[in-house]
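Chain by chain, the residues:
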Amino acid sequence: MDALTVFKAFDTALRTPLCMFLNRLSLVNYKNFDSLILEFDPVINCLVGNNGVGKTNILDAIYHLSYGKSYFNPVSTQNIRYNAEFFMVEGEFEKDERPEKIICSYKKGLKKVIKRNGKAYEKFSDHIGFLPLVIISPADRDLIIEGSETRRKFIDGVISQSDRLYLQNLIKYNKVLSQRNSLLKYFSANQTFDADALAVYNEQLHTLGTGIHEKRKAFVQEFIPIFKEQYTHISDHAGEDIMLRYESQLEGDTLIRLLEASLEKDRALQYTSTGIHKDDLVFTIAEHPIKKFGSQGQQKTFLIALKLAQFHFIKKQAKTTPILLLDDIFDKLDENRVAQIVALVNNETFGQIFISDTHKDRTEKVVKSIHQSYKIFTL
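The structure contained in this document is the topic of the report that follows. (Residues numbered from 1 in each chain as written. Predicted model: local features only at pLDDT ≥ 70, side-chain atom pairs only at ≥ 80, totals over all residues. Heavy atoms only, no water.)

1. Comments concerning the sheet that holds strand S10 (residues 280-285)
For step 1, the next point in the chain: As summarised here, the arrangement of the three strands in space is S9-S10-S11, forming an open sheet in which the pairing is antiparallel. If you trace the sheet from one side to the other, it starts and ends with strand S9 (242-247) and strand S11 (288-289), each paired once.
For step 2, the next point in the chain: Pairing geometry for S10 and S11, over two bridges, is antiparallel. Each bridged residue has a counterpart across the sheet, and for Thr 284 the counterpart in S11 is Pro 289.
For step 3, the next point in the chain: Contacts between helix H6 (residues 195-234) and the sheet are confined to S9 and S10, with S9 contributing the most and set at about 175° to the helix. (Pairing = 2+ DSSP bridges. Helix = DSSP H or I, 4+ residues; strand = E, 2+ residues; numbered from the N terminus. Contact = heavy atoms within 4.5 Å. Axes fitted to C-alpha atoms, helices over the stretch in contact; angles between N-to-C directions.)

2. A word on the side chain of Ser 137
For step 1, the next point in the chain: When you line up the elements, Ser 137 lands in the loop between strand S8 (133-136) and helix H3 (142-145).
For step 2, the next point in the chain: A residue is classified by how much of its surface remains accessible, and Ser 137, at 1% relative accessible area, is buried.
For step 3, the next point in the chain: Engagement of the side chain of Ser 137 in a polar contact is seen with the side chain of Asp 327, the distance being 3.1 Å. (Buried < 20%, exposed > 50% of the residue type's maximum accessible area, 1.4 Å probe, protein only. Polar contact = N/O pair within 3.5 Å; in protein donor to acceptor, adjacent residues only side chain to side chain.)

3. Structural notes on the pattern of salt bridges
For step 1, the next point in the chain: According to the stated counting rule, one finds 18 salt bridges in the structure shown.
For step 2, the next point in the chain: Close ionic contact of Lys 101 with Glu 90 constitutes a salt bridge, the shortest N to O distance being 3.8 Å. Note that Lys 101 is positioned in strand S5 (residues 98-107) and Glu 90 in strand S4 (residues 86-95), a separation of 11 residues in sequence.
For step 3, the next point in the chain: Relative accessible area serves as the criterion here: at 35%, Lys 101 is assigned to the partly exposed category.
For step 4, the next point in the chain: With a relative accessible area of 12%, Glu 90 lands in the buried category.
For step 5, the next point in the chain: When the shortest N-O distance is used, the salt bridge between Lys 368 and Glu 364 registers 3.8 Å. With a gap of four residues between them, Lys 368 and Glu 364 both fall in helix H12 (residues 360-368), about one helical turn apart. (Salt bridge = Lys/Arg side-chain N within 4 Å of Asp/Glu carboxyl O.)

4. Considerations on the pairing of S5
For step 1, the next point in the chain: With 10 bridges connecting them, S4 and S5 associate as antiparallel partners. Paired with Phe 93 across the two strands is Glu 100, which belongs to S5.
For step 2, the next point in the chain: Taking the residues between adjacent antiparallel strands as the criterion, S4 and S5 are bridged by two residues, where Asp 96 takes a positive phi near 50°.
For step 3, the next point in the chain: Note: S5 against strand S6 (residues 113-116), four bridges, orientation antiparallel. Residue pairing in the sheet places Ser 105 in a bridge with Val 113 of S6.
For step 4, the next point in the chain: If you look at the hairpin formed by S5 and S6, you'll find five residues sitting between the two strands, and Gly 109 has a positive phi there, around 90°.

Quick look at the structure:
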């Protein structure tokens, strides 16, 4: 996997005009920071310092502004600095040559608030996709080692960046699912049963779930060739047989029939055991699970290709180049490959990049070599 192959992979993913970047970030009581203000370069920004100083927390704050939640810890109270009562993350962006100010704030005991240009969103889902962003982090390994929920969230996150209706239906599905589960628990606790009440939830889950399943299936079909192309470039055409496979119980039957067939099981378990909330995205190499049969290098390449494909897909759908966060990138790629990634600014105008690293000299050597604007922040 030489530098040229990585260069080609990123070149494919990043070839569009720059139309969005973050100018200024302000943090109050966010994770380990009591107060911090940073003004960024529109092209390259490097966060350097020892482990534990907060480099990743700054990247996570930027992610927070895009997705309305932390990438690493979505529990709001756990993102408040120790002994504080609230946090605030404020970002000043330029998108399509217009200023945009986004504020995410949370106070203990109250609901999180997200504001765009001073106006609070009534629904957080309305903000998703407005500031497209992709993060590549060592934490991505969870996609391989964790359960199916993590991979479903990956699928849903990519689709939701450009399909608001999908996100709304997913939220509705999860709400109905929770209501059905509560009803099953009620039946058990009170030794009663109402088939008609349950049928109402079954019909709603069927309608919503069928649409979600179809969109997930269509997404994976479009995503696979993008992913395989990225993997081929990064692996230097090694010819490794890698694949993504979407698995769903709905492939064999309709959701309404599946729910009816699992009724007795669901009553015993007191929760809904079938549906699109059980879907999975299976990662394989040579038709075997990459978790067990892929080397560490193959797994890293797989994850980078997955995130590059995400970048490429979102860029195409949103028609806006996402901001790219490279968290501890030297953990994934050697210095020469990182240099080739950053060197893309010599060839094309593309989205803003943030890089975190533990070695300032190593990072500065990379960014200086390409003769483009950059800033280095030592924490």
